[in-house]
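Survey of secondary and tertiary structure
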Amino acid sequence: MALSDTDFFQPISGAELPRFSGVPTFMRLPHVALDDEKIAEVDIGIVGVPWDGGTTNRPGPRHGPRQLRDLSTMIRVRHPVSKINPFEALNCADVGDVAINPAGLDDSMGRVTSFFEKMMASGVRPLTGGGDHMISLPILRALAKDGPLGMVHFDAHTDLFDDYFGGFKYTHGTPFRRAIEEGLLDPKRVIQIGIRGTQYDGEDIEWGRAQGVTIIEIDEFFERGVKDVMAQAREVVGSDPTYISYDIDFVDPAYAPGTGTPEIGGPNTFQAQQVVRHLEGLNIVGADLVEVSPPFDASGGTAWVGVSLMFELLCVMTTSPAHVRKMG
Ligand code: MN
Ligand code: MN
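Figured I'd write up the structure that's included with this text. (Residues numbered from 1 in each chain as written. Chains lettered and ligands numbered in written order. Predicted model: local features only at pLDDT ≥ 70, side-chain atom pairs only at ≥ 80, totals over all residues. Heavy atoms only, no water.)

Residues Phe154, Ile193, Tyr246 and Leu279 are the most contacted members of the largest nonpolar core, which totals 52 residues. A total of eleven residues in this core trace back to one element, the largest contributor, which is helix 10 (residues 301–317). Apart from the residues lying within four places of it in its own chain, the contact partners of Tyr246 are Phe154, Val251, Ala272, Val275, Val276, Asp288, Leu289, Val290, Leu309 and Leu313. Grouped together as the second largest cluster of nonpolar side chains are 44 residues, Val42, Ile100, Ile135 and Ala322 included. (Core = buried A, V, L, I, M, F, W, Y, C linked by side-chain atoms within 4.5 Å. Buried < 20%, exposed > 50% of the residue type's maximum accessible area, 1.4 Å probe, protein only. Helix = DSSP H or I, 4+ residues; strand = E, 2+ residues; numbered from the N terminus. Contact = heavy atoms within 4.5 Å.)

To continue, consider the coordination of the manganese ion (ligand 2). The reference angle at a metal is 109.5 degrees if four donors form a tetrahedron and 90 or 180 degrees if six donors form an octahedron. Protein coordination at the manganese ion (ligand 2): the donors are Asp155 (OD), His157 (ND1), Asp247 (OD), Asp249 (OD) and Asp249 (OD), at 2.0 to 2.5 Å from the metal. Every donor residue of the manganese ion (ligand 2) comes from the same chain, spaced as D-x1-H-x89-D-x1-D. Between the manganese ion (ligand 2) and the manganese ion (ligand 1) the interatomic distance amounts to 3.2 Å, and Asp155 serves as a bridging ligand to the pair. (Donors = N, O, S within 2.8 Å, 3.2 Å for Na, K, Ca; no water.)

As a further point, take the side chain of Arg196. With respect to the helices and strands, Arg196 occurs in the loop between strand 5 (185–195) and helix 6 (203–211). Asp252 provides the closest opposite charge to the buried, unpaired Arg196, separated from it by 5.3 Å. Polar contacts involving the side chain of Arg196 include one to the main-chain carbonyl oxygen of Gly194, which spans 3.1 Å. (Lys, Arg positive; Asp, Glu negative; His and termini not counted. Salt bridge = Lys/Arg side-chain N within 4 Å of Asp/Glu carboxyl O. Polar contact = N/O pair within 3.5 Å; in protein donor to acceptor, adjacent residues only side chain to side chain.)

If you walk through the whole model with that rule in mind, you get 15 salt bridges. The partner of Arg141 in a salt bridge is Glu182, and the shortest N-O contact between them spans 2.8 Å. Residue Arg141 is located in helix 4 (residues 136–143), and its partner Glu182 is located in the loop between helix 5 (175–181) and strand 5; the two are separated by 41 residues in the primary sequence. For the salt bridge of Arg178 with Glu181, the shortest nitrogen-to-oxygen distance reads 2.8 Å. Of this pair, Arg178 and Glu181 both sit in helix 5, three residues apart, which is roughly one turn of the helix. Overall, Arg178 belongs to the buried group, its relative accessible area being 3%. The exposure class assigned to Glu181 is partly exposed, which follows from its relative accessible area of 48%. When salt bridges that share partners are traced, they join Asp162, Lys169, Arg177, Arg178, Glu181 and Glu203 into one network.

With that settled, consider the coordination of the manganese ion (ligand 1). Every protein donor of the manganese ion (ligand 1) is accounted for by His133 (ND1), Asp155 (OD), Asp159 (OD) and Asp247 (OD), and the metal-donor separations fall at 2.1 to 2.2 Å. Donor residues for the manganese ion (ligand 1) sit on one chain with the sequence pattern H-x21-D-x3-D-x87-D. A relative accessible area of 0% places Asp155 in the buried class. A residue is classified by how much of its surface remains accessible, and Asp159, at 4% relative accessible area, is buried.

As C-alpha cells, this is what we get:
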C-alpha cells in the first residue's frame, strides 16, 4: 500500500497549538514506539540516546535528548534555502529514547546496538540526538552490517584516541578508532572536519592519517572555505553508504558553550549549517548530533543550535538514495 503525501505524520503546527505548549516530541512529530505496528510506516526515526558514561571531562549529555526535544518544538517544516519539507518527503517520527543503563557501559552499548538493529529491521533510518560521542560506536555496529561505511564527521576532536586511564578503550574520545578497528568504517572513506584545540601528543591525528582518514584541521577549513572542503568531503565518501556524525563542539563555544569539551576558534552557526547543506544527495544511512550538555547550557542556546543542525541533517537525509520510500 502506497502512502500518499497527506498520510505522512505531520508535526503539530505552531498555528494550531503554540510552540511552547503540549508534549515535546522531536520536532512535534508523533511518538511511535518500536513495538507499535505503525513503525512499519516510518522512514526516518528521530531517536534519543541519553548516555554520557563515556565522557572524560564535563558530563551532562545524558540530559541532551530531553532538552533537544524541548527546543526542537521551535522548528518549523520548511528549509529556508533548499525549500525541502522533510515531513512531505518521507514519514518521520519520534521513536523515543534507548533505555540505557546509566551504571553499565557494556550493557548500555548492547542496548543501543539492539535498539538500532530493531530500527534497521523495520526499515527505519536513524537521526539520533545524543548523548556523548561514544554512542556512535554501538550505532555503527548496528548500521554497518553489510560492510564498512563512509563517514563525514564534524568535530573539534578526532575521537581517534586509543585509550584513557591506562588501557580503558571505550570513551567519547575513542569511538572512531574502535569503529575502524572493528571494520565498521572504511578509513579511506572517512573525513573529519574542524579539528582543533590543545593536544596531548597528536598521536590520534597521526594514527588516523596513517589509516587513510582525511583530517581537515581548522586552519585549513577556514583557509579553503566551506565549499571547497565540502566538495572534497563528497569525493572522499563517494556514492556508497555513509554515516554523518556531528559533534556540537565543532561549533565555536561563543555559539554553543553547553558542551563537555569546548574549543575556541571554531565555525559560527551559519558555517555550521552550510557544511550540512553540501551533503545533499549523498547515500546517507544515518546521522547523529551529539555532546549537547544541558547542565552547561543554562539558556538552552546550545540545544537550539543542536536541533537546528538536526533539522539540517533531516533535510539532507530525505535526499539520500538510501531513503527511497520503502512503501512508495
Ligand atoms: Mn566528538
Ligand atoms: Mn568533540
